[in-house]
Amino acid sequence: MTTIPTAPMIFPTPTDPLAAFGPLVGRRTADGFDDRPYERLTVHPLSPTIGAEVDGVRLGGDLDEQMLGELRRALLEWKVLVFRDQDIDRTDQRAFAQLWGELEQHPFFKYTQPGQTDIDVVTLAKDAMTAGTENNWHNDITWHTTPSFGAVLRAVEVPEVGGDTLWTDTGLAYDLLPQDIRDRIDPLVAEHDWIATFGRHMPAEAVEQLRTHFPPVQHPVVRVVPETGRRALFVNMIFTQRILGIPAEESDELLRLLYRHVQRPEFQCRLRWRPNTIAFWDNRSCQHYASSDYFPARRVMDRISIVGDRPVGV
Ligand SMILES: [Fe+2]
């Protein structure tokens, strides 16, 4: 039997405590995961641990229990499910998203996405006037006490080339940290906030008013996905402000190290969109990054996100 290493070969250099050469190989799922073959779905992996194109289903609100069970298991296993050639409309997309929980109303998009009216099916129209800005690694909505469970993103109009989305497996990233860093971060808690990102594009009165509803929140630095017991890094460079209970300098240093670590290509998958491609991801187990390389071409996506639970730490 081949033993999968739980940590990479680390050869620290004077400037890089995480310098690693050689295999960065880890587990796709936690111990005890139900890995029976899928009966209804056909799964084509995009990488060894994260992302899979899935055939055998037309998305909508009318999926039977067996299909839903397979999709739930596939989402937990692959974190990002990609469905091609889904010629469905917003109603089907919304009905599919509603199978997974309450739809999220995003309080800031009306300020940052001009013309936004339909607040729970959010259209992200990115063109020459509103070039893409999601090109920083993040989990969605971590400035909220209950960050998104996941999102269903549908490609409406995509550039001929460019505008890919990348995801990184934050469970694998956690597993492949050296043991001493895992021990150090397991009990830590971080503060998350929206002021420095969304707040930047809002009138001061709106910031002041929304502040009372959305104060800074605290989440564990390592969250445990309840269904699987899998641990995942849960700090991100756009919403996490600081780690609490340690000096500011140490917090900055640790966060920088974790942000750089999650960006390793071995933890990632990359999706080249086509019209009618849909991606459904587990926001608890991965971060995403929308490559903003297509300006001045247009990229129009319909985004729906689903309310999640309050993150639980180790
Ligand atoms: Fe996002």
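Right above here is the structure, for reference.
Note that the structure is predicted; figures quoted are calculated from it, not measured. Within every chain, residues take consecutive numbers counted from 1 along the sequence as written. The predicted origin of the model limits local features to residues at a pLDDT of at least 70 and limits the giving and counting of side-chain atom pairs to 80 or more, whereas totals for whole chains, interfaces and linings rest on all residues. For the side-chain quantities, the full set of heavy atoms in the structure was used; hydrogens and water were omitted.

(A) Structural context of the coordination of the iron ion. As a rule, N, O and S atoms within 2.8 Å of a metal are its donors, except that Na, K and Ca use 3.2 Å; water is not among the atoms, so sites may look incomplete. The protein atoms that coordinate the iron ion are His-138 (NE2), Asp-140 (OD) and His-288 (NE2), at distances of 2.2 Å. Mapped onto the sequence, the residues coordinating the iron ion show the spacing H-x1-D-x147-H. One end of the pair, Asp-140, is in the loop between β4 (122–126) and β5 (150–157); the other, His-288, is in strand β14 (residues 286–290), and 148 residues separate them in sequence. The buried label applies to any residue whose accessible area, calculated with a 1.4 Å probe on protein chains only, is under 20% of its type's maximum; exposed applies above 50%, and partly exposed to all values in between. Its relative accessible area of 5% is what places Asp-140 among the buried residues. The secondary structure listing takes helices from DSSP runs of H or I that are at least 4 residues long and strands from runs of E that are at least 2 residues long, numbered from the N terminus.

(B) Layout of the pattern of salt bridges. Salt bridge, as used here, is a side-chain nitrogen of Lys or Arg placed within 4 Å of a carboxyl oxygen of Asp or Glu. According to the stated counting rule, one finds 22 salt bridges in the structure shown. Among the salt bridges present, the one from Asp-302 reaches Arg-90, with a minimum N-O distance of 2.8 Å. Placement of the pair is Asp-302 in strand β15 (residues 299–306) and Arg-90 in helix α2 (residues 90–98), with a sequence separation of 212 residues. Overlapping salt bridges, with partners in common, bring together Arg-27, Asp-31, Asp-175 and Arg-230 in one network.

(C) Molecular detail of the layout of surface pockets. The pocket and cavity definitions rest on a 1 Å grid over protein atoms only: a 1.4 Å probe that fits but cannot leave marks a cavity, an open set with protein on both sides within 12 Å along at least five of seven lines marks a pocket, and residues lining either have an atom within 4 Å of a point. Grid points are joined across faces, edges and corners, and a volume is the space filled by probe spheres set on the points. Its boundaries defined by the atoms lining it, the second largest pocket holds a volume of some 150 Å³. Lining the second largest pocket, in full, are Arg-28, Thr-29, Phe-33, Asp-35, Arg-36, Tyr-38 and Glu-77. Split by residue class, the lining of the second largest pocket holds two nonpolar, one polar and four charged. All residues other than Ala, Val, Leu, Ile, Met, Phe, Trp, Tyr, Cys, Pro, Asp, Glu, Lys and Arg, Gly among them, are scored as polar; the first ten of these are nonpolar and the last four charged.

(D) Structural detail: the packing of aromatic side chains. Geometry of aromatic contacts follows a simple scheme: Phe, Tyr and Trp rings, the Trp one being its six-membered ring, pair when their centres are within 6.5 Å, and the pair is stacked under 30 degrees between planes, edge-to-face over 60, tilted otherwise. The full count for this structure, using the stated rule, is nine aromatic pairs. Between Trp-100 and Phe-280 the ring centres are 5.0 Å apart and the planes differ by 50 degrees, which places this aromatic pair in the tilted class. A residue pair is termed long-range when its members are at least 10 positions apart, and Trp-100 in the loop between α2 and α3 (109–112) and Phe-280 in strand β13 (residues 278–282) qualify at 180 residues. The class for Phe-280 is buried, based on a relative accessible area of 0%. Look at Trp-143 and Phe-198: their rings are 6.5 Å apart centre to centre, the planes differ by 80 degrees, and that puts the pair in the edge-to-face class. With Trp-143 in the loop between β4 and β5 and Phe-198 in the loop between β7 (189–192) and α6 (204–213), this residue pair connects regions lying 55 residues apart in the sequence. Note on accessibility: Trp-143 and Phe-198 belong to one class, buried.

(E) Seen up close, the sheet that holds β7. Any two strands with at least two DSSP-identified bridges between them are counted as paired. Across the sheet, which stays open at both edges, the three strands sit in the order β8-β7-β11 with antiparallel pairing between neighbours. Two strands in the sheet have a free side with no partner beyond their single neighbour: β8 (217–220) and β11 (240–243). Between one strand axis and the next, the sheet turns by 35 degrees as a mean value, whatever way the strands run. Pairing of β7 with β11, which is carried by three bridges, proceeds in the antiparallel orientation. Each bridged residue has a counterpart across the sheet, and for Ala-190 the counterpart in β11 is Ile-243. Only C-alpha atoms enter the line fits that serve as axes; for helices the fit covers just the stretch in contact. Angles between N-to-C directions range over 0 to 180 degrees.

(F) Main features of the side chain of Lys-79. Residue placement: Lys-79 occurs in the loop between α1 (65–78) and β3 (80–83). Definition of a polar contact: a pair of N or O atoms within 3.5 Å, with one able to donate and the other able to accept a hydrogen when the atoms are protein atoms, and with sequence-neighbouring residues admitted only if both atoms are side-chain atoms. There is a polar contact of 2.7 Å between the side chain of Lys-79 and the backbone oxygen of Arg-28. A polar contact of 2.8 Å, which involves the side chain of Lys-79, links it to the backbone oxygen of Thr-49. Contacts are residue-level and defined by heavy atoms, with any inter-residue pair within 4.5 Å sufficient. Sequence-distant contacts of Lys-79, that is, excluding residues within four places in its chain, are made with Arg-28, Thr-49, Ile-50, Ala-74, Asp-169, Arg-230, Phe-280, Trp-281, Asp-282, Ser-285 and Cys-286.

(G) Expanded view of unusual backbone geometry. The step from Phe-295 to Pro-296 runs through a cis peptide bond, and the omega angle for that step is 10 degrees. Within the fold, Pro-296 resides in the loop between β14 and β15.

(H) Seen up close, the pairing of β13. Buried residues dominate β13, accounting for five of its five residues. Burial along β13 is two-sided: the residues Ile-278, Phe-280 and Asp-282 and Ala-279 and Trp-281 are all buried. Bridge count between β3 and β13: four bridges; the pairing is antiparallel. What sits directly across from Phe-83, in β13, is Ile-278.

That's the geometry; what it means functionally is another story.
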